[in-house]
Amino acid sequence: MIVAGDSFPVGPAGGPDLPAPRPADLLAWYDAHRRQLPWRSAPGTVADPYHVWLSEIMLQQTTVVTVGPYFQRFLARWPTVADLAAADLDAVLKEWAGLGYYARARNLHACAQAVVARHGGRFPADESALLDLPGIGAYTAAAIAAIAFDLPATAMDGNVERVLSRIYAVTDPLPGSKPTLKALASALVPAKRPGDYTQALFDLGATLCSPRNPCCVLCPWRDACRGRRDGIADLLPRKAEKAAKPTRRGVAFWLTNARGQVLLRRRPESGLLGGMMEVPSSAWEPGADLAYTRALAWAPAAVDWQRLPGIVRHTFTHFHLELTVVRGHLVDDGAAVDGVWCAPADFHDQALPTVMRKVVTWARSGGKD
DNA sequence: TATCCGTGGGA
DNA sequence: TTCCCAAGGAT
């Protein structure tokens, strides 16, 4: 048993000694307040590993509310992992469009194929075997092992890190405190109902032990919480400072042909928005605006480009993007261009990420809000 | 270890 | 407006 104040960097023992948090108390709270989510099975039953895996991939850095409709659509279209493995990658990317972190979609498809090829279409009930699959890291392997197979794995996600850092008043900032939190979390995983216990931690972090304004008075672990005792629960976990986001700028080329179609292009398989479709654009460079003559060198065709007023803004994880949109028309649509012609009415069926949907909206409006 | 990789909602 | 954050993984 690991004890707060022993060998871990924890807050000051500024009060009465507290009892250890008891998994049974958390499980009792879970049984009374369990959230019904689309990927969860009925109480007392173990969920379908395919459903668990699909939901866990979608839920990486993504909210429950956002994932819900995507999860339902994927399951309706591909009811089994074998169905998903047999799908075209582009169909998967189209269904994933708008959800972000598009490498997840490529790895999802690769993982489905690996499950079929290596494991006969059944997810392995083994944490290390799960870890070997594409798109499954330490967290997801443990989460699947616990939730789908009821194994005593330690799934460390943002919720668990927050709950544990408060319970034990871990004041060292993330990510440096991750090993400490992992050790504390592992020591708590119960032999009985580890899957429900894991989901209970998620629910606790999502509802009561939330990032802001935690509701400590309703918490099943309130009497064991060092962070609450020390009055610092809402300040934890501490996090290392993040770098400021730079701004990058570029030009997007809205090219139409005589049939009213628009030129789209597939982005490279790796990197930002990998494998997704785009309105052809220049490089996105930091600093000052790309000189217009330089931007024209990126144009997909030599036509008379007209700059639209205003600008399309979008923020990614690590930079702001400002895109100038220019429009051009290709009279000779027999000319060779790099990309595919697509009617605007068919855009909904394209693997267009959100930033490109913004460009589409802006170009079609002529640069008006 | 640090960086790259999306998006939408809330404070 | 700006910042933060959400069931992280790959390199």
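Conventions adopted
- Residues numbered from 1 in each chain as written.
- Chains lettered and ligands numbered in written order.
- Predicted model: local features only at pLDDT ≥ 70, side-chain atom pairs only at ≥ 80, totals over all residues.
- Heavy atoms only, no water.
- Helix = DSSP H or I, 4+ residues; strand = E, 2+ residues; numbered from the N terminus.
- Contact = heavy atoms within 4.5 Å.
- Areas by Shrake-Rupley, 256 points an atom, 1.4 Å probe, with all protein chains shown as cover.
- Lys, Arg positive; Asp, Glu negative; His and termini not counted.
- Charge placed at Lys NZ, Arg CZ, Asp CG, Glu CD.
- Domains from an automatic or database assignment.
- Buried area = accessible area lost by both parts, 1.4 Å probe.
- Salt bridge = Lys/Arg side-chain N within 4 Å of Asp/Glu carboxyl O.
- Buried < 20%, exposed > 50% of the residue type's maximum accessible area, 1.4 Å probe, protein only.
- Polar contact = N/O pair within 3.5 Å; in protein donor to acceptor, adjacent residues only side chain to side chain.
- Phe/Tyr/Trp six-rings, centres within 6.5 Å; stacked < 30°, edge-to-face > 60°.
- Axes fitted to C-alpha atoms, helices over the stretch in contact; angles between N-to-C directions.
- Parallel < 35°, antiparallel > 145°, perpendicular 65-115°, else oblique.
- Left-handed = near helix turned anticlockwise from the far one by under 90°.
- Near = heavy atom within 4 Å.
- Nonpolar A, V, L, I, M, F, W, Y, C, P; charged D, E, K, R; others polar.

All right, on to the overall build of chain A then. A count of helical and extended segments in chain A gives 14 helices and eight strands. Dimensions along the principal axes, computed over C-alpha positions, put chain A at roughly 80 × 50 × 30 Å. When contacts within chain A are restricted to residue pairs at least 6 apart in sequence, long-range pairs at least 24 apart make up 70% of them. Put simply, chain A shows about 17,600 Å² of open surface, and 53% of that area lies on carbon and sulfur atoms. With 40 positive and 35 negative side-chain charges, chain A shows a separation of 4 Å between the mean positions of the two kinds.

On to the domain arrangement of chain A. The assigned domain composition of chain A is domain 1 (23–235) and domain 2 (247–365). Summarising the inter-unit geometry, the C-alpha centres of domain 1 and domain 2 are found 37 Å apart. Taken together, the contact pairs nine residues of domain 1 with 15 residues of domain 2. For the pair domain 1 and domain 2, the summed buried surface comes to about 840 Å²; carbon and sulfur atoms form 51% of the total. When the buried surface of domain 1 facing domain 2 is broken down by residue, Lys94, Tyr102 and Arg106 rank first, second and third, together holding 54% of it. Counting across the interface, domain 1 meets domain 2 through two salt bridges. For Asp90, the salt bridge identified is with Arg266, shortest N-O distance 2.9 Å.

Under the defined criterion, the tally for this structure stands at 17 salt bridges. Between Arg77 and Glu95 there is a salt bridge, with the nearest N and O atoms lying 2.8 Å from each other. Taken as a pair, Arg77 in helix 3 (residues 64–77) and Glu95 in helix 5 (residues 89–96) lie far apart in primary sequence, 18 residues in all. Residue classification places Arg77 among the partly exposed residues on the basis of a relative accessible area of 43%. When its relative accessible area of 18% is taken as the criterion, Glu95 is described as buried. Through salt bridges that share partners, Asp90, Lys94, Arg266 and Asp349 make up one connected network.

The next subject is the side chain of Asp157. With respect to the helices and strands, the residue Asp157 is situated in the loop between helix 8 (138–149) and helix 9 (158–167). Buried charged residue Asp157 carries no salt bridge. Nearest counter-charge: Arg162, at 7.2 Å. Here Asn159 takes part through its side chain, which lies 3.2 Å from a polar atom of the side chain of Asp157. With residues near it in sequence (within four places) discarded, Asp157 still touches Tyr139 and Phe202.

Take the packing of aromatic side chains next. Given two aromatic rings, one states the distance between the centres and the angle between the planes to describe the pair. Counting across every chain of the model gives 11 aromatic pairs. Both rings, one in Phe253 and one in Trp305, keep their centres 5.1 Å apart while their planes meet at 65 degrees; by these two values the pair is edge-to-face. Of the two residues, Phe253 sits in strand 1 (residues 247–257) while Trp305 sits in the loop between helix 13 (292–296) and strand 5 (306–307), which places them 52 residues apart along the sequence. For the pair Phe253 and Trp305, a shared accessibility class is recorded, and that class is buried.

For Gly274, the position within the fold is in the loop between strand 2 (262–266) and strand 3 (277–278). Between the C-alpha atoms of Gly274 and Arg106, which are 168 residues apart in sequence, the distance is 8.9 Å.

Further remarks concern the packing of helix 3 against helix 5. Direction vectors running N to C along helix 3 and helix 5 enclose 150 degrees, while the axes themselves pass 10 Å from each other. By the angle between their axes, helix 3 is roughly antiparallel relative to helix 5. For the element pair helix 3 and helix 5, the recorded crossing hand is right-handed. Contact with helix 3, carried on its side by Tyr70, Arg73, Phe74 and Arg77, involves Ala91, Val92, Glu95 and Trp96 of helix 5 and no other residues of that element.

On to the protein's contact with DNA strand B. Looking at DNA strand B, there are 19 residues lining it, with Leu273, His314, Thr317, His318 and Thr354 nearest. Per the 4 Å cut-off to the protein, sugar and phosphate atoms form 62% of the nearby atoms of DNA strand B. Between DNA strand B and Tyr102, the relevant distance is 2.9 Å, taken from a phosphate oxygen to a side-chain nitrogen or oxygen of the residue. Leu272 is positioned such that a nitrogen or oxygen atom in its backbone is 3.4 Å from a phosphate oxygen of DNA strand B. Broken down by secondary-structure element, the contributors of at least two residues to the surface near DNA strand B are strand 6 (312–315) and helix 14 (354–365). Here the surface near DNA strand B is built from residues that sort into eight nonpolar, 10 polar and one charged.

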